[in-house]
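# Coordinate inspection notes
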2 protein chains.
Amino acid sequence: MNTLNRTPRTAHSSRGRRRTKRFSSEQAITTIQCRRIPAYELLDEPALCEIENHTDWLLENVGITIKNDPIALELFANAGAKVQEDRVLFEPGLAKHLCATAPKQFKLYSRNPSHTVTLGGNHVVLMPGYGSPFVSDLDRGRRYATLEDFKNFVKLSYLAPSLHHSGGTICEPTDVPVNKRHLDMVAAHLTLSTKPFMGSVTSAPRARDSIDMAALVYDYQYMQTHPVMQANININSPFILDGEMSASLRLYAEANQCVCVSPAIFGGAMGPTSTAAMSAQTLAEGMAGIALAQLVRPGCPVVLGSFHSTMNLRSGSLTFGTPEANLVSMALSQLGRRLGVPVRSGGGQLTSANSPDGQAMMDSTNAMWATIISGSHQVWHAAGWLEGGLTMSYEKFIMDVDNCGALLRMLSGMTVDEETLSKESYLETRPGDNFLSTAHTLRHFATANYESILPDTGPFETWKDNGSPSTAHRANTVYKTLLDQYVQPDIDSSRAEDVAHFVSERKAETPDAWY
Amino acid sequence: MNTLNRTPRTAHSSRGRRRTKRFSSEQAITTIQCRRIPAYELLDEPALCEIENHTDWLLENVGITIKNDPIALELFANAGAKVQEDRVLFEPGLAKHLCATAPKQFKLYSRNPSHTVTLGGNHVVLMPGYGSPFVSDLDRGRRYATLEDFKNFVKLSYLAPSLHHSGGTICEPTDVPVNKRHLDMVAAHLTLSTKPFMGSVTSAPRARDSIDMAALVYDYQYMQTHPVMQANININSPFILDGEMSASLRLYAEANQCVCVSPAIFGGAMGPTSTAAMSAQTLAEGMAGIALAQLVRPGCPVVLGSFHSTMNLRSGSLTFGTPEANLVSMALSQLGRRLGVPVRSGGGQLTSANSPDGQAMMDSTNAMWATIISGSHQVWHAAGWLEGGLTMSYEKFIMDVDNCGALLRMLSGMTVDEETLSKESYLETRPGDNFLSTAHTLRHFATANYESILPDTGPFETWKDNGSPSTAHRANTVYKTLLDQYVQPDIDSSRAEDVAHFVSERKAETPDAWY
């Protein structure tokens, strides 16, 4: 059924030349991804221990139910878990023990070394939103997303200095058959960007395709020691792991690519409506998935993910960027660090707002602070979301990216030394003098402060004369300018052809499916 | 010149009855003002010590220049400071020693005991914006503020559950002569609200009037042991204290009313353009003012204030809510705690945006997080500001108040115990079940989550059918509803008459001045 070579593709005659060319593109500069300020510790030791003990209780008494994946069940049984039909129960401490082979810190590699990112430790990796069926902009309003939109967001993420990762299904290319979307999406990530990216997980064959396509650019052998991609394995909370997901998890883990295990809990629906319970349940479900990845391949790179939020339990509507969800984000950063794996927080630029307005940025900024200050290592949905993720907004994307830049600046912290305290400036001036022309100001004025990517409004009168443009209107200009400026990064032409060939072959093999 | 009785007004025959009546109003409920989560510590011990040492150097080598206030200079000279003409220099450690009599924590009292607030410790006091010459709303646009606007914001602040303090010059009542505004403003705070408030500082006589008016409601003798009001003493940074300000400071301190000393530094203009220098200079200038208050009356209540932000040093425009300013807010919270006084942070809902849009809430939320997470005790400008404080927006006020409520909810933290972890819920359900009708959810659904005061938008389609209202449009409805619902709090009628009489007498005494 497959005409493409799936055997590991190792060094060949043109390797040296290819690599040089592949690494030559430095167009897209990213902001430093290292935090130099402490992580905020919300919970004290007794509270953390109580949550961890409760997590043990959950794993012993509720466990994880894995649907239609006897291989996963067998792995757990062989590791000492109690398997009752499709349910896996862990004696206290077992899940943590199984997670212990996971690396605390690792890299996701890029053919552009300046885009290689580190997950874990003091590093912060920001990514665009994921999974929206709709897109919107001020010109055309809200509409179903297409492959063109998808490619646009890959390009914008590539160009955004404050994003470190190309994401995955940034928006659904709804004009492509459901069973073939992953091919176009992975091809776009591989060829339109050099930032690390996510592969498909919706079925095992699609996961396989994603890995095979990455290998066309990076080679299997290289990937065995150099993860280049990531997969999001959602737990079907509460406590169910679907067989398609677990099969995809096993494929990525086998290939030593990064597995992020993400429970998805709305308090009151998929778990109790308390922040402590949401935190403990997320940890329990996440540990079950991470344990499976480690059983498949001890030491394979994993991330403790989460997608948690609240609901208005009177109306049933989902709510985002709320203080309760933000408390959970903070607690999970602590719990993940204690488990010894990088943490991907659910709290990105989340909002239930329908347009890129004040509420959108209030919700989003609240969610980002909780995520960033508490020391999450990876933030999904850090740019673009509206309507709780139903829509990727071009304007919101730019506004979020701007805010990400400001937060990254904050992470670089406050340097206290002779140069920053600048006694000379005070000796140069008298009380009441201004400091605009001191040697210190002249030395630093150009770089002292973060500069927003949004055009300055000017004073009220100027702004009014210019038609009172809202932030969204200014962002509209920025996204178009960026797309105009985009230049595709270098890629070895034969590898790019291999990717294109893979996509067209695969598409030709199978009839379209639209559901 | 003054026909009103200025001698202390102590208990009189109707005192008991009056007090009962004054305390009967419980209309406006405030959200708990106590933080149950740790304060974020940005800087480590060596960095904090280096800033404190530099502060000593600044006070020794630059000192504070006090214009036209020989009494203040004499107080400092008698306390061992070196006074050179109008400049006061402190040997290392002296200013800190003089600040040591300041209380770590104290109350601002209200005739409604539920509106008495605590400054210091684990308490957080949020207040509306201060000083805007303009107001705006969606109906009438931006315009000069009037006394009616001022009263509206006093009412809205009184009704806002997440504001604990009535503020001061929330907006300038520009339709009242400059030399008489303070009378109307203080009268409004005293009679339209029961939340603690700020008096005038723009001249010593106006400060005196403010204190005398407060005494008409609270009595001098009561105020000697129960501060009911606060004064904002701005340092004219760098390192100048104007005589009018220092005279006002002395009056408030003598009357045992709270003095907040607020340096005002835009990095690059009033000090070097580095976050470390802004922090050290703010601390130095603040300590000089606090030392003066303690020399006037040892033990009088003081607050270390600050108003710091950044500039775009290319264009000269002031910028707000920036990461650099936010780092300074965090550092000042730490430095103030170490000095042993409550801290009022410069970072409230600050923004340079011209309308209540996405940028406005992004800037504001960033500034509020830095302020709140780092443990500031008092936040000025927590609601309403646009254009860096030039405008109080009715809609932004509501959006900010909503965000304040969410942040206060966050400060109540995460409770980890048997009830919140809820083992029963997991025993009641099976994997994959939802938790919507568990006993735990039914017990908690109504109070589990913060509820926004902004009307829900509903899903996109509903929202679109309703005319796609932005957050600002929804806030417009809320502020009008609140003003419609406002009921003036109870006040003893004879005391209210005394206040009105004081205002009319004072107004009649002096010709109008419009500058």
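The rules behind these values
Residues numbered from 1 in each chain as written. Chains lettered and ligands numbered in written order. Predicted model: local features only at pLDDT ≥ 70, side-chain atom pairs only at ≥ 80, totals over all residues. Heavy atoms only, no water. Helix = DSSP H or I, 4+ residues; strand = E, 2+ residues; numbered from the N terminus. Rg over C-alpha atoms; globule rule 2.2 N^0.38 Å. Buried < 20%, exposed > 50% of the residue type's maximum accessible area, 1.4 Å probe, protein only. Polar contact = N/O pair within 3.5 Å; in protein donor to acceptor, adjacent residues only side chain to side chain. Expected span 1.5 Å × (residues − 1). Contact = heavy atoms within 4.5 Å. Buried area = accessible area lost by both parts, 1.4 Å probe. Salt bridge = Lys/Arg side-chain N within 4 Å of Asp/Glu carboxyl O. Nonpolar A, V, L, I, M, F, W, Y, C, P; charged D, E, K, R; others polar. Least-squares fit on C-alpha atoms with pLDDT ≥ 70 in both. Axes fitted to C-alpha atoms, helices over the stretch in contact; angles between N-to-C directions. Parallel < 35°, antiparallel > 145°, perpendicular 65-115°, else oblique. Left-handed = near helix turned anticlockwise from the far one by under 90°. Pairing = 2+ DSSP bridges. Core = buried A, V, L, I, M, F, W, Y, C linked by side-chain atoms within 4.5 Å. Disulfide = S-S within 2.5 Å.

### Description of the overall build of chain A
- Regarding its fold elements, chain A presents 19 helices and 20 strands.
- In terms of overall dimensions, chain A is globule-like: its C-alpha atoms have a radius of gyration of 24 Å, near the 24 Å expected for 515 residues.
- Taken over the C-alpha atoms alone, chain A extends approximately 80 × 60 × 50 Å along its principal axes.
- Residue burial in chain A is summarised as follows: out of 515 residues, 66% are buried.

### Some details on the environment of Ser412(A)
- Inspection of the secondary structure assignment puts Ser412(A) in the loop between helix H13 (394-411) and helix H14 (418-421).
- A distance of 2.6 Å separates the side chain of Ser412(A) from the backbone oxygen of Arg409(A), its partner in a polar contact.

### Considerations on helix H18 (residues 471-485) of chain A
- Compared with the 21 Å implied by 1.5 Å per residue over 15 residues, the 21 Å span of H18(A) between its first and last C-alpha is a close match.
- All of the buried residues in H18(A) are Thr471(A), Ala472(A), Arg474(A), Ala475(A), Asn476(A), Val478(A), Tyr479(A) and Leu482(A).

### Overview of the interface of chain B and chain A
- Listed as interface residues are 107 residues of chain B and, on the opposing side, 107 residues of chain A.
- When chain B packs against chain A, close to 8600 Å² is buried across both sides, 65% of that on carbon and sulfur atoms.
- In terms of surface lost to chain A, no three residues of chain B exceed Trp369(B), Met414(B) and Tyr426(B), which account for 9% of the buried area on that side.
- Seen at the junction of chain B and chain A, the total is 4 salt bridges.
- Among the ionic pairs, Arg409(B) bridges to Glu324(A), the shortest N-O distance being 2.9 Å.
- Linking chain B with chain A are 35 residue pairs in polar contact (both at pLDDT 80 or more).
- No other element matches the 9 residues that helix H12 (residues 358-373) of chain B contributes to the side of chain B that touches chain A.
- Residue composition of the side of chain B that touches chain A, by class: 52 nonpolar, 36 polar and 19 charged.

### Here's the deal with the relation of the copies chain B and chain A
- The operation relating chain B to chain A is a screw motion whose rotation component is 180°, with 0.0 Å of axial translation and a residual RMSD of 0.0 Å. The two molecules are tied by a two-fold rotation axis, judged by turn and shift. Relative to the rotation axis, the C-alpha of Gly358(B) is the closest in chain B, positioned 2.1 Å from it.
- Interface residue correspondence from chain B to chain A reaches 100%, placing this contact among same-surface, isologous pairings.

### Notes on the packing of helix H11 (residues 323-339) of chain A against helix H13 (residues 394-411) of chain B
- Two elements in contact, H11(A) and H13(B), have axes separated by 9 Å at closest approach and are oriented at 45°. Judged on the interaxial angle alone, H13(B) and H11(A) are oblique. Relative to H13(B), the crossing made by H11(A) is right-handed. Contacts from Pro323(A), Glu324(A), Leu327(A) and Met330(A) of H11(A) reach H13(B) at Ala406(B), Arg409(B) and Met410(B).
- Taken together, the residues of the contact of H11(A) with H13(B) break down into 5 nonpolar, no polar and 2 charged.

### Description of the sheet that holds strand E3 (residues 87-89) of chain A
Residues and elements named next belong to chain A.
- Within the open sheet, the 4 strands sit side by side as E2-E3-E1-E11. Their pairing is mixed. Looking along the sheet, the strands with just one partner apiece sit at the ends: strand E2 (82-84) and strand E11 (240-241).
- Relative to E3, strand E1 (residues 64-66) runs antiparallel, the two being bridged by 2 bridges. Looking across to E3, one finds that Thr 65 is bridged to Arg 87.

### Side note on the nonpolar core
- Membership of the largest hydrophobic core comes to 299 residues, with the highest contact counts inside it found for Phe90(A), Leu126(A), Met414(A), Phe90(B), Leu126(B) and Met414(B).
- Residue contacts for Phe90(B): discarding those within four places in its chain leaves Leu59(B), Glu60(B), Ile64(B), Phe76(B), Ala81(B), Ala95(B), Leu98(B) and Ala288(B).

### Let's talk about the pattern of salt bridges
- Applying the stated criterion across every chain, the model contains 40 salt bridges over all chains.
- We note a salt bridge from Arg143(A) to Asp149(A), for which the minimum N-O separation is 3.4 Å.
- Residue classification places Arg143(A) among the buried positions, given a relative accessible area of 16%.
- Residue classification places Asp149(A) among the buried positions, given a relative accessible area of 3%.
- Across the salt bridge formed by Glu387(B) and Arg142(B), the nearest N and O atoms sit 2.8 Å from each other. A residue pair is termed long-range when its members are at least 10 positions apart, and Glu387(B) in the loop between strand E19 (385-386) and strand E20 (391-393) and Arg142(B) in strand E8 (residues 141-144) qualify at 245 residues.

### Quick word on the sheet that holds strand E17 (residues 344-345) of chain B
Residues and elements named next belong to chain B.
- Pairing is parallel across the open sheet formed by 3 strands, whose spatial order is E6-E18-E17. Lying at the two open borders of the sheet, with one neighbouring strand each, are strand E6 (125-126) and E17.
- Pairing of E17 with strand E18 (residues 378-379), which is carried by 2 bridges, proceeds in the parallel orientation. For Arg 344, the partnering residue across the bridge sits in E18 and is Gln 378.

### Things to note about unusual backbone geometry
- Following Ser237(A), the chain continues to Pro238(A) via a peptide bond in cis, the omega torsion being 5°.
- Looking at the element boundaries, Pro238(A) is found in the loop between strand E10 (229-234) and E11.
- With phi around 55°, Glu85(B) is a residue other than glycine that occupies positive phi space.
- Mapped onto the elements of the fold, Glu85(B) is located in the loop between strand E2 (82-84) and strand E3 (87-89).
- Its identity is not glycine, yet Asn256(B) carries a phi of approximately 60°, on the positive side.
- If you trace the backbone, Asn256(B) turns up in the loop between helix H9 (243-254) and strand E12 (258-262).

### Description of the pairing of E12(B)
Residue and element names in this part refer to chain B.
- Buried residues dominate E12, accounting for 5 of its 5 residues.
- Residues Cys 258, Cys 260 and Ser 262 line one face of E12 and the alternating positions Val 259 and Val 261 line the opposite face, and both faces are buried.
- In terms of strand pairing, E12 meets strand E14 (residues 302-304) through 3 bridges, oriented parallel. If you follow Cys 260 over to E14, its bridge partner there is Val 303.

### Regarding the state of the cysteines
All names here are of chain A.
- Summed over the entire model, instances satisfying the criterion amount to 0 disulfides over all chains.
- No disulfide involves Cys 171; its sulfur sits 18 Å from the nearest other cysteine sulfur, which is in Cys 404.
- For Cys 404, which is in no disulfide, the shortest distance to another cysteine sulfur is to Cys 34 and amounts to 17 Å.

### Things to note about the packing of helix H2 (residues 45-61) of chain B against helix H10 (residues 275-296) of chain B
Residue and element names in this part refer to chain B.
- Contact geometry for H2 and H10: axes closest at 9 Å, N-to-C directions at 55°. Considering the angle they form, H2 stands oblique to H10. Helix-helix and strand crossings are classified by hand; for H2 and H10 the assignment is right-handed. Counted together, Ile 51, Glu 52, His 54, Thr 55, Leu 58 and Leu 59 of H2 and Ser 279, Ala 280, Gln 281, Leu 283, Ala 284, Met 287 and Ala 288 of H10 form the full contact between these two elements.
- Classifying every residue of the contact of H2 with H10 gives 8 nonpolar, 4 polar and 1 charged.

Just geometry here; none of it tells us what the structure is for.
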